[in-house]
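# Structural description and commentary
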Amino acid sequence: MAGSPEYWNHNTAYHPWLLRIAATHRGDVLDVGCGDGLLAQRLAAVSRSVTGIDSDAAAIERARNRLADQANVTVSHENFHAFDAGARRYDLITFVATLHHMDLRAALSKARDLLTPTGEIAVVGLATNKSVWDWAWAVACVPPARIGSWLHGETRDVGGAVANPREGLGEIRRTVAEVLSGASVRRALYYRYLLRWTNS
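Read on for an overview of the structure.

About the thresholds
- Residues numbered from 1 in each chain as written.
- Predicted model: local features only at pLDDT ≥ 70, side-chain atom pairs only at ≥ 80, totals over all residues.
- Heavy atoms only, no water.
- Salt bridge = Lys/Arg side-chain N within 4 Å of Asp/Glu carboxyl O.
- Helix = DSSP H or I, 4+ residues; strand = E, 2+ residues; numbered from the N terminus.
- Buried < 20%, exposed > 50% of the residue type's maximum accessible area, 1.4 Å probe, protein only.
- Pairing = 2+ DSSP bridges.
- 1 Å grid on protein atoms, 1.4 Å probe; cavity = no way out; pocket = protein on both sides within 12 Å on 5 of 7 lines; lining within 4 Å.
- Points joined across faces, edges and corners; volume = space filled by probe spheres on them.
- Nonpolar A, V, L, I, M, F, W, Y, C, P; charged D, E, K, R; others polar.
- Contact = heavy atoms within 4.5 Å.
- Polar contact = N/O pair within 3.5 Å; in protein donor to acceptor, adjacent residues only side chain to side chain.
- Patch = residues over 30% accessible without salt bridge, like charges linked within 9 Å, V, L, I, M, F, W, Y side chains within 5 Å.
- Areas by Shrake-Rupley, 256 points an atom, 1.4 Å probe, with all protein chains shown as cover.

Take the pattern of salt bridges next. If you walk through the whole model with that rule in mind, you get 10 salt bridges. Two residues, Asp28 and Arg88, come together in a salt bridge whose shortest N-O distance is 3.7 Å. Taken together, the residues span a long stretch of sequence, with Asp28 in strand S1 (residues 28–32) and Arg88 in the loop between strand S3 (73–77) and strand S4 (90–96) at a distance of 60 residues. According to the relative accessible area criterion, Asp28 is buried, its value standing at 12%.

Moving on to the pairing of S1. Counting buried positions along S1 gives 5 out of 5 residues, so the element sits mostly inside the fold. Of the two faces of S1, the one carrying Asp28, Leu30 and Val32 and the one carrying Val29 and Asp31 are both buried. Sheet analysis places S1 next to strand S2 (residues 49–54), joined by 5 bridges and oriented parallel. Residue pairing across strands places Asp31 opposite Gly52, the latter belonging to S2.

Here we take up the layout of surface pockets. Its volume calculated, the second largest pocket comes out at about 280 Å³. Along the wall of the second largest pocket there are 16 residues; nearest its centre are Ala127, Thr128, Asn129, Ala138 and Tyr191. Secondary structure elements with two or more residues in the lining of the second largest pocket: helix H5 (132–152) and strand S7 (192–198). Top contributing element to the lining of the second largest pocket by residue count: H5, with 5 residues. By residue class, the composition of the lining of the second largest pocket is 10 nonpolar, 3 polar and 3 charged.

Among the residues of helix H4 (residues 104–113), Leu104, Ala107, Leu108, Ser109 and Ala111 are the ones counted as buried. Contact partners of the buried residues in H4: S4, strand S5 (115–125) and helix H6 (169–179). For H4, the side-chain oxygen to backbone nitrogen distance between the N-cap and Arg105 is 3.4 Å, and the N-cap itself is Asp103.

A cluster of nonpolar side chains, Ile147, Trp150 and Leu151, forms an exposed patch at the surface whose accessible area comes to about 410 Å². Within the secondary structure layout, Ile147 lies in helix H5.

Put into structure tokens, the structure is as follows:
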């Protein structure tokens, strides 16, 4: 139902980062893999419009219930590969723990082509551990992740589709550099990385 409860987990921990980016645009946002619509609900307060898509029909039903009273948000059941925006372009495209479900190069290329001339891509992503540094960082993340989960009362299972990441951060950085020249990709807590790129 509208007014569904909010919650905290290792993905929603980065919603404030995404909201700050969205607030610089106050424009049209595409949330790829919107899940139950919590991020879309939050983005609606700082954006002209929010479009959420997800390939999980059950998640979209939950999103529709959550967003029933949000006039500037629309959600639809479709995957990003097949998504057709027509002539519409977006000021911000977000991926939160969804990019690793897709072909990295194809998804980033499509997102780039769906941006306005000053639009941005923002990713809260997952990478697998392949290098010694990957493993060292993952181990270093354990204490703060456990503390954060305890402090915020983490909700682990929100009913979304789960997949293990295939690429390590090194591979991701190489692909990103080829598709989104100048993008920032940095390691973050809670076993995530953050990617940000501005069109120009």
